[in-house]
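Here's the letter readout for the chains.
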Amino acid sequence: MKFGTVSIDQAAGAVLAHSLTAGERRFRKAHLLNADDIAFLKATGIRELVVARLDPGDVSEDKAAERIARALMVRNVEVKAAATGRVNLHAETAGVFIVDKALVDAINAVDPAITLATVPDYAEVQAGQMVATVKIIPFAVAGELVDQVVALCAGREAFAIKPFRALRVGMIQTVLPGIKGSVLDKTSAITVERLARSQSEITEERRTPHEAAPVAEAVEALVRDNDMVLVFGASAMCDFEDVIPAAIMKAGGRVIRAGMPVDPGNLLVIGEIGGKPVIGAPGCARSPKENGFDWVLDRVIAGLPVSAMDIAGMGVGGLLMEIPTRPQPREARERPVSAKVGVVVLAAGRSSRMGGPNKLMALFGDRPLIRLTVERALASNAATTVVVTGHQADRIEAALSGLAVKFVHNPDFATGLASSLKAGIAALPPDITGALIVLGDMPGITADDLNRMITAFKSGGGRPVVRATHEGRRGNPVLLPRSLFPAVAGLQGDTGARHIVEAEGANAVDVEIGAGAALDVDTRDALESAGGVLQER
């Protein structure tokens, strides 16, 4: 493939190297130029273009990405359609992600033009979550390089989702004088929430003195009728013959490992009786925050073996407690997993590409576009709706008269999208766990579309970023979890939510909502094609 500047008369059949706006048309990067394109560009006065031409044997970016993605041997993973040189792969079920790191490394070593990225080995994933992406960096890649990658993939599983199983779980909590019943009750509630994602359930809970004999008796009783037993000690393990490991052995089992190199989670104990796991939970497991207990529990529920060496290998990446950006995977009872989503409608822009009229006042039927958008937000399952105004704020507020929304004015709207995004999120109530960012100029977005995104957010425990897509291409709206609100406060200029997701490395779930995700009305032609009528003032 060759890049260079060519005369407009020589550009037919070439690929645009950069996005280009000419007249009222926008040509995207990697667009294949045809004769009609050339005629239009010449009419606008363009005489040269920077283009790429494919060499013999080159494979276009989408075809190369799709061929590689289809060659990967995967289980419980859905391969999406190729778009802009990328194929995303999503989990078909909730479970634990397992990956052949050596194979992924070998693929990425073939050539920098071909990349494969995945979530970490043994990561807990939700159904619908993106777990890997194949990306071709240039517009095309040599076919022989694609052949090399395909050959590497043959007969070797690249990655898989090991599904969670619905287990019957027995639970024991030991008791010492002074321990409050409310602490025990809260531990039970948090454990129920932890198990809910796998549809596992606690069939019976016993509370015993913090002594080896009564704990052993309870373990023996519970292990007979359950798939797994969890033991929460009233006092942390202080030696390897303490109450919980001693009780496992006294009940006829063996201790696989006591102690782990994950902080918080150091004092975990894992054993087995008759092939059934018995886990002594560390004290941090009484909290919903991620800790070493989660790592072991996820693998056990997914049916993956957990050996002493497996736990010994968790030290790299095992320092969790001092990472302030790490999102909480589960919410405590006080902040329920049901999650509470607020909509932020961005309506502050100047519609500069319209050449004067405010596109948000364009009529769709008998209603201005901004009213149509806000009514759909109000019809969704969101808890509240905030509208950010800026340019012609009085007209926007008048168009929304009578609607139950909160207005926040952004005096800095001319500086770009970031200022409006910050103003909108700052105006949300403190109990909101997610912000659904809706652009005011997307007439194809319905209340049902918003509800699908809210449902995906709640299914992920209020943790993931949720992005709307159309045929695999990311669009709008986007739903941000509260864990990313501080990052929004640091945005500047015309930077939006996409930058935050990429910069923070946030867990993201893509939701296919159809063509509405890609339909914006930045130009007169686009607005009129969508059924809108501009109001010339």
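Look a little higher up for the structure.
Let me begin by describing the structure that accompanies this report. (Residues numbered from 1 in each chain as written. Predicted model: local features only at pLDDT ≥ 70, side-chain atom pairs only at ≥ 80, totals over all residues. Heavy atoms only, no water.)

Take the overall build of the chain next. Looking only at helices and strands, the chain features 16 helices and 30 strands. With the principal axes as the frame, the chain shows a C-alpha extent of 90 × 65 × 35 Å. Counting every position in the chain, which comprises 537 residues, the buried fraction comes to 51%. Contacts spanning at least 24 positions in sequence make up 71% of the contacts within the chain whose residues lie at least 6 apart. Here the chain displays about 23500 Å² of accessible surface, and carbon together with sulfur accounts for 52% of that area. Each charge class in the chain can be summarised by its mean position, and for the 58 positive and 62 negative side chains these summaries are 2 Å apart. (Helix = DSSP H or I, 4+ residues; strand = E, 2+ residues; numbered from the N terminus. Buried < 20%, exposed > 50% of the residue type's maximum accessible area, 1.4 Å probe, protein only. Contact = heavy atoms within 4.5 Å. Areas by Shrake-Rupley, 256 points an atom, 1.4 Å probe, with all protein chains shown as cover. Lys, Arg positive; Asp, Glu negative; His and termini not counted. Charge placed at Lys NZ, Arg CZ, Asp CG, Glu CD.)

As a further point, take the packing of helix α3 (residues 101-110) against helix α4 (residues 143-153). Interhelical geometry of α3 versus α4 gives an angle of 170° and a closest axis separation of 9 Å. Between α3 and α4, the angle is such that the two are roughly antiparallel. The residues of α4 that touch α3, namely those facing Leu-103, Ala-106, Ile-107 and Val-110, are Leu-145, Gln-148, Val-149, Leu-152 and Cys-153. Partitioning the contact of α3 with α4 into residue classes produces 8 nonpolar, 1 polar and no charged. (Axes fitted to C-alpha atoms, helices over the stretch in contact; angles between N-to-C directions. Parallel < 35°, antiparallel > 145°, perpendicular 65-115°, else oblique. Nonpolar A, V, L, I, M, F, W, Y, C, P; charged D, E, K, R; others polar.)

Here we take up the pattern of salt bridges. Under the counting rule described, the total for this entry stands at 23 salt bridges. Ionic pairing is found between Arg-75 and Glu-157, a salt bridge with its closest N-O pair at 2.6 Å. Here the residue Arg-75 occupies a position in strand β7 (residues 73-75), and Glu-157 occupies one in strand β15 (residues 157-163), the gap between them amounting to 82 residues. For Arg-75, a relative accessible area of 37% puts it in the partly exposed group. (Salt bridge = Lys/Arg side-chain N within 4 Å of Asp/Glu carboxyl O.)

Pairing of strand β16 (residues 168-175) with strand β17 (residues 201-209), which is carried by 8 bridges, proceeds in the parallel orientation. Its bridge partner lying in β17, Val-175 is registered against Pro-209. (Pairing = 2+ DSSP bridges.)

Here we take up the environment of Val-131. Position of Val-131 among the secondary structure elements: in strand β13 (residues 130-136). Residues Val-131 and Pro-120, 11 residues apart in the sequence, show an inter-C-alpha distance of 8.8 Å. Among all residues touching Val-131, those that are not within four sequence positions of it are Val-77, Leu-89, His-90, Ala-91, Phe-97, Ala-117, Thr-118, Val-119, Val-125 and Ile-161.

Turning our attention to the sheet that holds strand β12 (residues 124-125). A sheet is described by the order of its strands in space; here 4 strands give the open sequence β7-β15-β10-β12, paired in mixed fashion. Since the sheet does not close on itself, it has two edges, and those belong to β7 and β12, each with one partner. Inspection of the sheet shows strand β10 (residues 95-99) paired to β12 by 2 bridges, in the antiparallel sense. By the bridge assignment, Gly-95 is partnered in β12 with Val-125.

For the structure shown, the criterion picks out 3 aromatic pairs. Seen from their ring centres, Phe-27 and Phe-40 are 6.2 Å apart, and the 45° between their planes marks the pair as tilted. Of this pair, Phe-27 sits in strand β4 (residues 25-27) while Phe-40 sits in helix α1 (residues 35-43), placing them 13 residues apart in sequence. Sitting above the plane of the Phe-40 ring, Arg-25 keeps its charged end 4.8 Å from the centroid. The positively charged end of Arg-299 is found above the aromatic ring belonging to Tyr-122, 3.5 Å away from the centroid. (Phe/Tyr/Trp six-rings, centres within 6.5 Å; stacked < 30°, edge-to-face > 60°. Lys NZ or Arg CZ within 6 Å of the ring centre and 35° of its normal.)

A general trend in soluble globular proteins is that nonpolar side chains are found buried together. Grouped together as the largest cluster of nonpolar side chains are 40 residues, with contacts concentrated most on Ile-370, Val-374, Val-387, Ile-396 and Leu-436. Listing elements by their share of this core, those giving two or more residues are β22 (341-347), α10 (369-379), α11 (393-399), β27 (434-439), α13 (447-459), β28 (465-470) and β30 (508-512). The contacts of Val-387, once residues within four sequence positions are left out, are Val-345, Ala-347, Val-374, Ile-396, Leu-400, Val-405, Lys-406, Phe-407 and Val-408. In this structure, Ala-69, Leu-72, Val-77 and Val-104 belong to the second largest nonpolar core, which totals 34 residues. (Core = buried A, V, L, I, M, F, W, Y, C linked by side-chain atoms within 4.5 Å.)

To continue, consider helix α2 (residues 61-71). The complete set of buried residues in α2 reads Glu-61, Ala-64, Ala-65, Ile-68 and Ala-69. Seen end-on, α2 carries its buried residues on one side only, within an arc spanning 125°. Away from its buried face by more than 90 degrees, α2 exposes Lys-63 and Arg-70. (Arc of directions from axis to C-beta.)

Read across the open sheet, the 7 strands follow the order β26-β25-β22-β27-β29-β28-β30; overall the sheet is mixed. A strand with exactly one partner marks an edge of an open sheet, and here the two such strands are β26 (406-409) and β30. Averaged over all adjacent pairs, the angle separating strand axes in this sheet is 25°, with direction ignored. As paired strands, β22 and strand β25 (residues 384-389) are joined by 6 bridges and run parallel to one another. Considered in β25, the bridge of Val-343 is made with Thr-385. Lying on the sheet, helix α12 (residues 417-426) is in contact with β22, β25, β26, β27 and β29 (473-481); it crosses β22 at an angle near 145°. In the packing of α13 onto the sheet, the strands contacted are β22, β27, β28, β29 and β30, and the crossing angle to β29 comes to about 55°.

Let's shift gears to the environment of Leu-527. If you trace the backbone, Leu-527 turns up in helix α16 (residues 524-529). Separated by 378 residues in the primary sequence, Leu-527 and Val-149 place their C-alpha atoms 44 Å from one another.

This part is about the packing of helix α6 (residues 212-225) against helix α7 (residues 243-250). In contact at an axis separation of 8 Å, α6 and α7 are set at 55° when each is read in the N-to-C sense. The orientation of α6 relative to α7 falls into the category oblique. Here α6 runs over α7; the crossing is right-handed. Across the interface between the two elements, Ala-212, Ala-213, Val-215 and Ala-216 of α6 pack against Val-243, Ala-246, Ala-247 and Lys-250 of α7. (Left-handed = near helix turned anticlockwise from the far one by under 90°.)

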